[in-house]
Amino acid sequence: MTFSASGLPDGATASFSPASCTPSGDSTSCASTLTVSTSATTPTGDSTITVTGSPLSKTTQFTLTVNAPWTVTAAASVSSVIVGNDVTITATASRDVGSTAYSIRIYEGETQVIACGTGTTCSKTFNYSQVATKTYTAKIGTVSEFVATSDSTSVAWHADYSLSNSGNKSVNQGQSVANTITTTLISSVTEAVTFSASGLPDGATASFSPASCTPNSTCTSTLTVSTLSTTPTGNSIITITGSPLSKTTSFTLTVNNAFDYSLTNNGNTSVVKGQSVTRTITATKTGGTTQSVSFSTVGLPGGMTSDFSSTSCNPTCSSTLTINTGTAAPGQYTITARGVSAGLG
C-alpha cells in the first residue's frame, strides 16, 4: 500500500516513512509516519489534509492547524530608576502557552528567575539597593529547548541626588561668566554625575570644570559660559542636566551690549622744572555693563614720573594723574593716559 497526501496549505510539503507498507502474517495493519513541513510563508489557519492509500484510493483525513511562529518580547516598566525602587519586567508571548509543554521564562543575565506555564504574559519585579545595571531577556520553551527569545532590555539603578546653582548671571558680549553647580547626594550610595548645558544663546559655549563629580555629601563643578561679540543681547534660560537620572537646575543668563568707554582729560598744562602738576583723567562709559578700567601713562621722558590717585575705577569715574617733572629736561612733551579693561584698550 502506497500513501499520498492532498489539501496541504501553500508552502507545505508531506513525506511518508516508509512510503508504503504491506500488512503480512498475523498482522492486519501496518503504519507509516506522515511528516508535514511548513515554510515561513505558509499561511496560518486550518487545512483539511487527506491521506490516500493506493490501490483502491482509501482515505483518512485530519485537520492541520498552522500557527504563527512563536515570538516573545521583554519590556521594563522603566529603564532608569533610583536605588531602592521597584522595576517590573514583563514578558509577552505571541500566544497562550497553556496548551503546550512550553513556559514563558524571564532571565536576568544567564539566570532564570521565573517561569509561567499559562497565559501570554509573565512578570517579575526587581529591586536593588546599590548602583547596578541588569540585563533581562524572555524566552519561550522548556528548560533545555527554546522556540523564541526576545531582544534584551537593560535597567539601571542609580544614586539619587539634586542639582543647584549659584544664581542668575550677567555677561557682556564677548566676555565669559562662571556659575557654580552643586551636586547634593540624597541616597545612601553615590556615583559620578556628568553635566551638560542647554538653552545657550547663539555663539555662546559652555564648559564644566570638572566635567563630572562624585558627591560623598556634595561636590561642585564650575560652569563657564563664553560669549562672542555677535552673541545676541537679552535673557536666556540655561538648563544644567546631570546624568544619570537627568536631574536639572536652571538660571537666567543676561547678555549685555559689549562694554566700551572713552578717556578724557582737562587739557594741556605747563609746569616749572622740578615741580609737579595734576590732571583729571575721566573714563566715561559709552556702552554695555561697566567693568574695571586700569590706568597707566606712556610718553614720559627720562627723569619724569607719574602716579594715579586711583589706579583703576569703574566708569563713569575719574582718577587724578600727578606728573613729577623730576630731572627731566625742559621741553614740550605729549603724555598719554591709557586705560585698559578686559578685552579692551
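The following refers to the structure shown. Treat the numbers as computed from the prediction; the structure is a model and nothing was measured. For every chain, the first residue of its written sequence is number 1, and the numbers climb from 1 along that sequence. Only residues with pLDDT of at least 70 get local features here, since the model is predicted, and only at 80 or more are side-chain atom pairs given and counted; chain-wide, interface and lining totals rely on the full set of residues. The side-chain quantities take in all heavy atoms of the structure and omit both hydrogens and water.

Another aspect to go through is the overall build of the protein. Secondary structure elements are taken from DSSP: a helix is a run of H or I of four residues or more, a strand is a run of E of two residues or more, and numbering for both begins at the N terminus. Across its full length, the protein holds 0 helices and 30 strands. Compactness check: the protein gives a C-alpha radius of gyration of 43 Å against a globular reference of 20 Å for 345 residues, more than 25% above the reference. In terms of principal-axis extent, the alpha carbons of the protein reach across some 150 × 45 × 30 Å. The buried label goes to any residue with under 20% of its type's maximum accessible area, the exposed label to any with over 50%, and the partly exposed label to all in between, with areas taken from a 1.4 Å probe on protein chains only. When each of the 345 residues of the protein is scored for burial, the buried share is 32%. Sequence-distant contacts in the protein: of pairs separated by 6 or more residues, those separated by 24 or more amount to 58%. A 1.4 Å probe and the Shrake-Rupley method give the accessible areas. Residues count as covered only by the protein chains that appear here. Carbon and sulfur atoms form 47% of the exposed surface of the protein, whose accessible area is close to 18,300 Å². One way to put it: in the protein the 12 positive side-chain charges average out to a point 18 Å from where the 14 negative ones average out. C-alpha atoms define the radius of gyration, and 2.2 Å times the number of residues to the power 0.38 defines the globule rule. Note on contacts: a residue pair qualifies if any of its non-hydrogen atoms lie within 4.5 Å across the two residues. Positive charge is attributed to Lys and Arg, negative charge to Asp and Glu, and no charge count is given to His or to the chain ends. Charged side chains are reduced to one point each, which is NZ for Lys, CZ for Arg, CG for Asp and CD for Glu.

Moving on to the packing of aromatic side chains. Pairing of aromatic side chains here covers Phe, Tyr and the six-membered ring of Trp, requires ring centres within 6.5 Å, and sorts the geometry by plane angle: under 30 degrees stacked, over 60 edge-to-face, intermediate tilted. In the structure shown here, the tally under the stated rule is 8 aromatic pairs. With 4.6 Å between their ring centres and 45° between their planes, Phe-126 and Tyr-136 make a pair best called tilted. Of this pair, Phe-126 sits in strand β11 (residues 121-127) while Tyr-136 sits in strand β12 (residues 132-141), and the two are 10 residues apart along the sequence. By the burial criterion, Phe-126 is buried, and Tyr-136 matches it. With a centroid separation of 5.6 Å and 25° between ring planes, the pair formed by Phe-295 and Phe-308 is classed as stacked. Taken together, the residues Phe-295 in strand β26 (residues 293-298) and Phe-308 in strand β27 (residues 305-308) connect sequence positions 13 residues apart. What makes Phe-295 buried here is its relative accessible area of 9%. Of note, Arg-95 hangs over the ring of Trp-70, and the distance from its end group to the ring centre comes to 3.9 Å. The lysine or arginine in question, Lys-139, covers the ring of Phe-146, its NZ or CZ lying 4.7 Å from the ring centre. We call a charge positioned over a ring when the NZ of a Lys or the CZ of an Arg lies within 6 Å of the ring centre and within 35 degrees of the ring normal.

What follows is about the nonpolar core. Counting 24 residues, the largest nonpolar core has Val-72, Ile-89, Ala-91, Ile-104, Ile-140 and Trp-157 as its most contacted members. Elements represented by at least two residues in this core include exactly β6 (72-76), β8 (86-93), β9 (103-108), β11, β12 and β14 (153-158). Ranked by the residues each element gives to this core, the list is headed by β8, at 4 residues. Residue contacts for Ala-91: discarding those within four places in its chain leaves Val-72, Thr-73, Ala-74, Ile-104, Ile-106, Thr-120, Thr-121, Cys-122 and Ala-138. Formed by 18 residues, the second largest nonpolar core is a distinct cluster that contains Val-177, Phe-195, Leu-223 and Ile-240. Joining through side-chain atoms within 4.5 Å is the link that ties buried Ala, Val, Leu, Ile, Met, Phe, Trp, Tyr and Cys residues into a set, and such a set is a nonpolar core.

Mapped onto the secondary structure, Thr-42 falls in the loop between β3 (33-37) and β4 (45-54). Looking at Thr-42, the relative accessible area reads 8%, which means it is buried. Residues adjacent in sequence count toward polar contacts only when both atoms are side-chain atoms; beyond that, a polar contact is any pair of N or O atoms within 3.5 Å, and within protein one must be able to donate a hydrogen and the other to accept it. Within polar-contact distance, the side chain of Thr-42 engages the backbone nitrogen of Ser-39 at 2.9 Å. Dropping the residues within four chain positions of it, Thr-42 is found in contact with Pro-9, Asp-10, Gly-11, Ala-12 and Val-66.

This next bit is on the state of the cysteines. We call a pair of cysteine sulfur atoms a disulfide whenever their separation is within 2.5 Å. According to the stated counting rule, one finds 4 disulfides in the structure shown. In this model, Cys-116 is linked to Cys-122 through a disulfide, with the two sulfur atoms separated by 2.0 Å. The disulfide joining Cys-116 to Cys-122 has a torsion of about 60° about its S-S bond and is therefore right-handed. Like Cys-122, Cys-116 is buried.

In this section: the pattern of salt bridges. Here, a salt bridge means any Lys or Arg side-chain nitrogen found within 4 Å of an Asp or Glu carboxyl oxygen. Applying the stated criterion across every chain yields a total of 1 salt bridge. Notably, a salt bridge pairs Lys-247 with Asp-160, separated by 2.9 Å at the nearest N-O pair. In this pair, Lys-247 is assigned in strand β23 (residues 247-256) and Asp-160 in the loop between β14 and β15 (161-165), connecting sequence segments 87 residues apart.

This paragraph deals with the environment of Leu-8. Along the chain, Leu-8 falls in the loop between β1 (2-6) and β2 (13-17). With relative accessibility at 26%, the residue Leu-8 sits in the partly exposed group. Separated by 28 residues in the primary sequence, Leu-8 and Val-36 place their C-alpha atoms 8.4 Å from one another. Those residues within four positions of Leu-8 in sequence are excluded, and the remaining contacts are Thr-13, Ala-14, Val-36 and Ile-49.

This part takes up the pairing of strand β29 (residues 317-324). Residues Cys-317, Ser-319, Leu-321 and Ile-323 line the buried face of β29, whereas the alternating positions Ser-318, Thr-320, Thr-322 and Asn-324 sit on a face that is not buried. Strands are treated as partners if at least two bridges between them are detected by DSSP. Pairing between strand β25 (residues 276-287) and β29: 8 bridges, direction antiparallel. Looking at the pairing, Thr-280 lines up with Thr-320 of β29. Bridge count between β27 and β29: 4 bridges; the pairing is antiparallel. Among the inter-strand pairings, Ser-306 is bridged to a residue of β29, identified as Ile-323.

This part takes up the sheet that holds β23. Taken in spatial order, the 5 strands of this open sheet run β16-β23-β22-β18-β20, and their pairing is mixed. Only two strands of the sheet have a single partner each, and these edge strands are β16 (169-172) and β20 (212-213).

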